[in-house]
Structure formats: structure tokens, C-alpha cells
Amino acid sequence: MSIYQTPSNDTLKALETAPNMYLVLSPELNILTASDLYLQATKHNLETIVGKHIFEAFPANPNLPDGDGVQNINASLQMVLRTKKPHFMNIQRYDVPDANHPGKFFQHYWDPSHTPVLDECGNISYIIQQATDVTAKITTEQALSQSQGQQEETVRQVQSLNEELSSMNEILRRSQDRLQQLNDQQDVQISHRTNELRLSEKKYRSLVEQSPIAQQVFRGDDMTFELVNEAMLQFLGKDASIIGKPLFVGVPEIVGQPIVEFLYQVYRTGERMELKAIETTLLRNGKYETGYYDVSYRALYDGDHITGVLGIAIDVTEQVNTRKEVAEMNERLNIAIDAGGLGYTEVDLAAGTMASNDAFKNCYGRAAEDTFTYAQLYDSMLPEYREQIRQQVSKAQAEHSLYQATYQVRWPDSSVHWISAHGRARYNSEGEADRMVVIVSDITEQKKDDQRKSDFIGMVSHELKTPLTSMKGYIQMLQVKARQSDDSFTNNVLDKANRQVQKMTTMINGFLNVSRLESGKIHIHKEVFDIAELIDEMKEESAATISSHQLKFLPMVETMVMADREKIGHVINNFISNAVKYSANGTTIEMSCEAKNGEAVFSVKDEGTGISPADVKQLFERYFRVENHSMTSISGFGIGLYLCSEIIQRHDGKIGVESELVKGSTFWFALPLAN
């Protein structure tokens, strides 16, 4: 079954009050509506016929065995459905069932035609059956024919039987009286029909005038304004004085504009025309304003002659301007992308195809003229990244979040490059992801610069360790002599110097770990161990070295994980050290560890200064330090939490923080439980 566009309620309502006998049918020949005049002629109610098949609502008269009305009407409708063109029929006898007396029929003769109305795709939206009731005309002609036959018979009888002349004259007189009676009845019906037409036209004019949609009716070759509703007057920027004037007199600025040519084309051909977003300039309040309008033109007929045009207009200027603004923004975005040398692609997720700019192909070592498919994109990634990237893309689609990834690709010349990618999914009307828009850049040189920095930091840190080690030894030797000589001042100064050397050693070890981490020289040696036992050891060590705060370890049970025990201990120690560093003396630091949802979750809660939401997002980035007046005296280079984050991520774990300014922070990490 073909798909078609059903008529709107406004269209059906307009047809119901149209000044003709209309029956409106769907392509399946079900009744959609009928005009008031049609219902009056058939003595039916709209509620009893709407939705029924035409031949169910109006079946054949079983008392008329030779009747072919249903067959002929159906043949005409089938021809319209095949050809999509109007079909005009000869007069048909088609009796109408008596709604009040089942099984009874009213004798009727009709002059029917069937006209298809097509939708924007050229399919039949609905069929209008226009039926003129000619019952009175046909019965009159039949009566006349019968009367003429009687007169001829009378003449023959007069010629053969002169004695019956008087009786035949009486029959003739009665026939003439009957004929006059029929003529009088026809005059009454014609008068009644004329009144109905006047009433129907009045309803039609009222419908146009009161419509909130801009409508107007033109008549004649000069397109005289016959009817213009208030919405159309506002649309044109005119008043009611244009009614009765030709188009070019009422709206002179319209001369020469394309909309006029389309109007006259409909007037000449009679073909309906729909114009989308046609540009038109009108004079309003003394100023010329250019706008965009959806315009519909339909021919108006008087019998078989085209006499005018009905015009309907909708202002779509705002929508068109919005589309232009979006197009302009997209153009600016494309310019910015091109200027920044960024690669851009849009992936059709259903089809598995993608469209890319030249810079995108360049990021993967392809020339602008090369074909580069979605499958080749994944094939170019180093194997260790492919499944990870697929998962990140799927997660971003499911969570309506930003996709961010950094990965390595191999170019056709076998060289390896780093790619930074950011993207978002686009969703259809059902909320399903159907497209993915991604921006990429080649960060190979940036990665090389970072590696050079790390190598330099590692080299410098390594070179500094030797003199620091020597310095620490010298200080310890001096401390022994100071204690032996009971030189409390020197011993106190040496203690402070030793603490500074220890801080410097810790800092240098941190830089070395960063360097080793980024060069891939830090290895994770996993083993199964009880993290609660590790925390208990940290508890004893902390109690011996931390006296400035109240340490509170919540009860913990055996919790087995498979991880690098030494490096997890480093993360725990860093969390505790930071809590001490960023909270006031005498406040409580609370540690806990519990197993939930298949993970071991460790947390450290302090009562410190807290962290702003903006800083929380960058807290685990390399070299990031929170900058505020309360932390200016706290040393550090922002590598501790970065190292913690990298260690936890290499254990396939999670790390995070919940914080509120003034009230404190809770740092936590989660590791998968050992199977």
C-alpha cells in the first residue's frame, strides 16, 4: 500500500462548507467528509458515513436489478486512482438509501465527477466527488417524453376514432396541468438552490476572512483583489482599500518580482503551485522590507473557465534567517578549523561511512585525493588502542558526553604519530546516536617536546641525586659531632638542613618517577595482597611520624586485590601527606577502606581548605597546583597527584575527589578485587 499525506482538518472543514455537493474520499475509497449540500441532498448525517467505504454508506438499490450506478462510479474511481487525473461521467441513476427506513431508497439522478488531490510527493492525498443532483431535470424530461407520447397517441386515436376526441382532449389537458406543476416545482427547486449557493458563498467568504492564515482571492486578467482577510492585509502592509483594485495598483512594489510570474502561471494553466521560501520585497510603513514566504496558489473556476486564484501565504523569514545564521556559523567554524589546521570528520554510524576534510586525512598520512574510510581509520591505529577507542566512542554516545582520546597511528610510510581527538555524537528524533562529529590534531611534535622535557628533567634529577646524597651524609656526620659536643644550636640547624635535603630528595624522586613513567620505564608488578594489611602498616608509620593531626582509621576487613603493593602504598602515603599538608593542625584525618561493587575503595577525608570545582577538574594533571592565598606557603610542583592518577589508571582503577571549599576534601581510589 502506498503512503500518502492525508488532508488537514482545516482543508476538510473548508470542503464541508464549500458551495458545492462534495464527497471527500481517501485513496482506499473511505469517506473522509462531505459538504453540507451533499448531506442535505442525500438526507444523511456526517457522523453516520465518515470512515465507511463509499459503497457501504451508499449501497446499490436491490430493487433496481438493471441498475449500473455502483459499477460505473467504481470504474470512474479506479480510473482516477490509476491515472491521478480527473474523470467526468455521464448522468447516472444512483438511488440513495433512506436513512430512516432501512431497505428503502430515494430515486436520484446525478451528474458526477471525480477529481484527485495530490500531495507534495505526487501521491493521491484524497479524491473529491462532485455530484450535481439532476433528479428534477431527468424526471421532468421523462415526464415530458411521456407526455409527448401520450399526445401522439391522442392524435392517432383522434384520426381513427373521432368519437373519442373529447375524452382524449381531457387526457391532454391533464397532462398539460401535470407538466405545469412539474415546471413550477422545478422553479421552486432552482430558487432554493440559488439561496443555498448564496448562503454557501457567504460561509466561504466568512471562512477566508476569519482565517488566521493570510489568504486572498484574485479575479480577472488584471488580478483584482476580490477578497483579502486581515492576516493578508498585515502581511502585505496594506489596508482594506486595496479590495477591488488590480494587483499592480494595490501593491505596486510587487511588479517584476518572481512571485507575480507564478501567480499568472496558475491563472493561465489552472495547475496548483506551492512555493517554498520565495524572496519577496514589500513596502511597509514607508520602508521596503525583504522577507521569505511559503506561498500556495490554487485556481478558481466558474464552470469550465478559470476566473481567479486563491492565494495563501505564511511568513518564514525568521526560519530562513535562522538557517542562514546556522550556515554562516558553520562556515565560520570551517574557516576556524581550516585556519587551525584541524582535521574534521562526520561519521554516519548506521552506514559506517565518513566525510572528512583534507586536514583530517593529513593527520593520518593520507593525501587530499586519497580515499580514507571509517574502517581504515581504526586499522591505522596501533593495535593496543583500537578496542579502547571503540569503548570510549560507545560510552560518549550512550552518556551524551564529550569523546576525548589520545592515541598513536601508523602512517602508510610506517612512521608513528600521536593523534588528539575530541568529538560528540548527534542524535535523531528517537534519541538514537546516528552521527559522530570529531575534531583531530597531530600532536606528535608536542609529544616529542614533552618527552624531551621529561628526559631533561630526568637527567637533571638524576645528576642532582649524587650531590644530595653526599650532602645528606655530611649533615648526618655533623649531627653526630654536634650531639657529641652537646652543641644544641648546631644540632637544631642541622636538623632543619636535613629536613630540607629530605624534601629536595622527595621532589627529585618525584621528577624521576614522572620521567620514568612517561618513558615507559616504570613497571607495574602485580601480586595478590590484602590492602587492609598494607593500610595497617601505613597506620603505624603515620602514627610515629605525624603528631600535628588526629589520625582516625575506620575498622577494615581483609580485602584482597591484585596490584603493585609498593606503588599502591605510594598512593596511600601521598593522600595522607596531602591531607596533613592542606589542613590545619589539630584537625581530624579519617581513613577508610571497604569492598563494594567488585572494587576495593580507599579514601582519605580531611577538614582542610577545600578545592573549588574549577580546580577539581585539573587536579590530577601534571604540574597543576591550586593557586589561592591560603596555599602560597605550601611547597610542591604538582606531580604527586599526577603520579597517583597514572599508577591507579595502570591498574585499571579509578581515582577522584569530592571537595567543598572551607569544609574539606575526600580523596579516593578504587581497585578491582582479586578474583
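Source: prediction; values computed, not measured. (Residues numbered from 1 in each chain as written. Predicted model: local features only at pLDDT ≥ 70, side-chain atom pairs only at ≥ 80, totals over all residues. Heavy atoms only, no water.)

Focus on the overall build of the protein chain
Item 1. Check the secondary structure of the protein chain and you find 20 helices and 25 strands.
Item 2. Split into buried and exposed, the 675 residues of the protein chain put 38% on the buried side. (Helix = DSSP H or I, 4+ residues; strand = E, 2+ residues; numbered from the N terminus. Buried < 20%, exposed > 50% of the residue type's maximum accessible area, 1.4 Å probe, protein only.)

Let's talk about the sheet that holds strand E20 (residues 550–553)
Item 1. The mixed open sheet is built from five strands, whose spatial order is E20-E22-E23-E25-E24. Of all strands in the sheet, those bounded by a partner on one side alone are E20 and strand E24 (654–660). Strand-to-strand twist across the sheet, computed as the mean angle between neighbouring axes with direction ignored, equals 15 degrees.
Item 2. Where helix H18 (residues 565–581) meets the sheet, its contacts fall on strand E22 (588–596), strand E23 (599–605), E24 and strand E25 (664–672), and the angle it forms with E25 comes to roughly 175 degrees. (Pairing = 2+ DSSP bridges. Axes fitted to C-alpha atoms, helices over the stretch in contact; angles between N-to-C directions. Contact = heavy atoms within 4.5 Å.)

A short note on the packing of aromatic side chains
Item 1. The final tally for this structure, using the stated rule, is 13 aromatic pairs.
Item 2. Ring plane angle 45 degrees and centroid distance 6.2 Å describe the contact between Phe-360 and Phe-372, whose orientation is recorded as tilted. Of this pair, Phe-360 sits in helix H12 (residues 358–363) while Phe-372 sits in the loop between H12 and helix H13 (374–380), and the two are twelve residues apart along the sequence.
Item 3. Under the relative-accessibility criterion, Phe-360 is labelled buried at 1%. (Phe/Tyr/Trp six-rings, centres within 6.5 Å; stacked < 30°, edge-to-face > 60°.)

Some thoughts on the environment of Ser-380
Item 1. Inspection of the secondary structure puts Ser-380 in helix H13.
Item 2. Between the C-alpha atom of Ser-380 and that of Val-409, which follows or precedes it by 29 residues, the distance is 5.3 Å.
Item 3. Apart from residues lying up to four places away in sequence, Ser-380 is in contact with Tyr-364, Arg-366, Phe-372, Gln-408, Val-409 and Arg-410.
Item 4. Within the local environment of Ser-380, its side chain forms a polar contact with the backbone oxygen of Leu-377, the two atoms lying 2.6 Å apart. (Polar contact = N/O pair within 3.5 Å; in protein donor to acceptor, adjacent residues only side chain to side chain.)

Quick look at the sheet that holds strand E16 (residues 403–410)
Item 1. Reading across from one edge, E15-E14-E18-E17-E16 is the order of the five strands in this open sheet, with antiparallel pairing throughout. The open sheet has two edge strands, strand E15 (353–356) and E16, and neither has a second partner. Averaged over neighbouring strand pairs, the angle between their axes works out to 25 degrees when direction is ignored.
Item 2. One ladder, built from eight bridges, connects E16 with strand E17 (residues 416–427); its direction is antiparallel. Within E17, the position partnered with Arg-410 by the bridge is Val-416.

Some words on the pattern of salt bridges
Item 1. Considering all chains together, one arrives at 19 salt bridges under this definition.
Item 2. The partner of Arg-298 in a salt bridge is Glu-274, with the nearest N and O atoms 3.5 Å apart. Of this pair, Arg-298 sits in strand E12 (residues 287–302) while Glu-274 sits in strand E11 (residues 273–284), and the two are 24 residues apart along the sequence.
Item 3. Residue class for Arg-298 comes out partly exposed when judged on its relative accessible area of 28%. (Salt bridge = Lys/Arg side-chain N within 4 Å of Asp/Glu carboxyl O.)

Brief notes about the nonpolar core
Item 1. Grouped together as the largest cluster of nonpolar side chains are 34 residues, with contacts concentrated most on Ile-531, Ile-568, Ile-572, Phe-575, Phe-602 and Phe-669.
Item 2. Mapped by element, the contributors of at least two residues to this core are helix H17 (531–545), strand E21 (560–563), H18, E22, E23, helix H20 (640–649), E24 and E25.
Item 3. With seven residues, the top contributor of residues to this core is H18.
Item 4. Counting 30 residues, the second largest nonpolar core, distinct from the first, contains Leu-233, Tyr-264, Val-295 and Tyr-297. (Core = buried A, V, L, I, M, F, W, Y, C linked by side-chain atoms within 4.5 Å.)

As for the packing of H17 against H18
Item 1. At a minimum axis distance of 11 Å, the contact between H17 and H18 shows a crossing angle of 45 degrees. Our classification of the angle between H17 and H18 gives oblique. As H17 packs across H18, the resulting crossing turns out to be right-handed. Residue-level inspection shows Ile-531, Glu-533, Leu-534, Ile-535, Glu-537, Met-538 and Ser-542 of H17 in contact with H18, the latter providing Arg-565, Ile-568, Gly-569, Ile-572, Asn-573 and Ile-576.
Item 2. Tallied by class, the residues present in the contact of H17 with H18 amount to seven nonpolar, three polar and three charged. (Parallel < 35°, antiparallel > 145°, perpendicular 65-115°, else oblique. Left-handed = near helix turned anticlockwise from the far one by under 90°. Nonpolar A, V, L, I, M, F, W, Y, C, P; charged D, E, K, R; others polar.)

Regarding the confidence of the model for the protein chain
Item 1. Chain-level pLDDT for the protein chain is 83 on average; 82% of the residues reach the 70-or-more range.
Item 2. Predicted confidence in the protein chain is weakest over helix H7 (residues 165–210), with a mean pLDDT of 63, and strongest over E23, with 95.
Item 3. pLDDT under 50 marks residues 629–637. Its contacts with residues more than four places away, or in other chains, come to 16 contacts. (pLDDT = per-residue confidence, 0-100.)

As for the packing of H18 against H20
Item 1. Where H18 meets H20, the axes come as close as 10 Å, and the angle between the chain directions of the two elements is 145 degrees. You can see that H18 and H20 cross each other, and the crossing is left-handed. Between H18 and H20, the contacting residues are Lys-567, Ile-568, His-570, Val-571, Asn-574, Phe-575 and Asn-578 on the first element and Gly-640, Leu-641, Cys-644, Ile-647 and Ile-648 on the second.
Item 2. A breakdown of the residues in the contact of H18 with H20 according to their chemical character gives seven nonpolar, four polar and one charged.

Some details on the environment of Gln-257
Item 1. Among the structural elements, Gln-257 can be located in the loop between helix H9 (247–250) and helix H10 (258–269).
Item 2. Since its relative accessible area comes to 14%, Gln-257 is described here as buried.
Item 3. Sequence separation between Gln-257 and Glu-279 is 22 residues, and the spatial gap between their C-alpha atoms is 8.8 Å.
Item 4. Gln-257 has contacts with Glu-279, Thr-280 and Thr-281, leaving out every residue within four places of it along the chain.
Item 5. Within polar-contact distance, the side chain of Gln-257 engages the backbone oxygen of Glu-253 at 2.8 Å.

What about helix H14 (residues 383–399)?
Item 1. For H14, with 17 residues, the first-to-last C-alpha span of 26 Å sits near the 24 Å given by 1.5 Å per residue.
Item 2. Three or more residues of H14 are buried, namely Tyr-385, Ile-389, Val-393, Ala-396 and Gln-397. On an axial view of H14, the arc spanned by its buried residues comes to 100 degrees, and they lie on one face. Seen from the buried face of H14, the exposed residues on the opposite side, beyond 90 degrees, are Glu-384, Gln-391, Lys-395 and Ala-398.
Item 3. Residues of H14 that are buried sit in contact with H13, E16, E17 and strand E18 (433–442). (Expected span 1.5 Å × (residues − 1). Arc of directions from axis to C-beta.)

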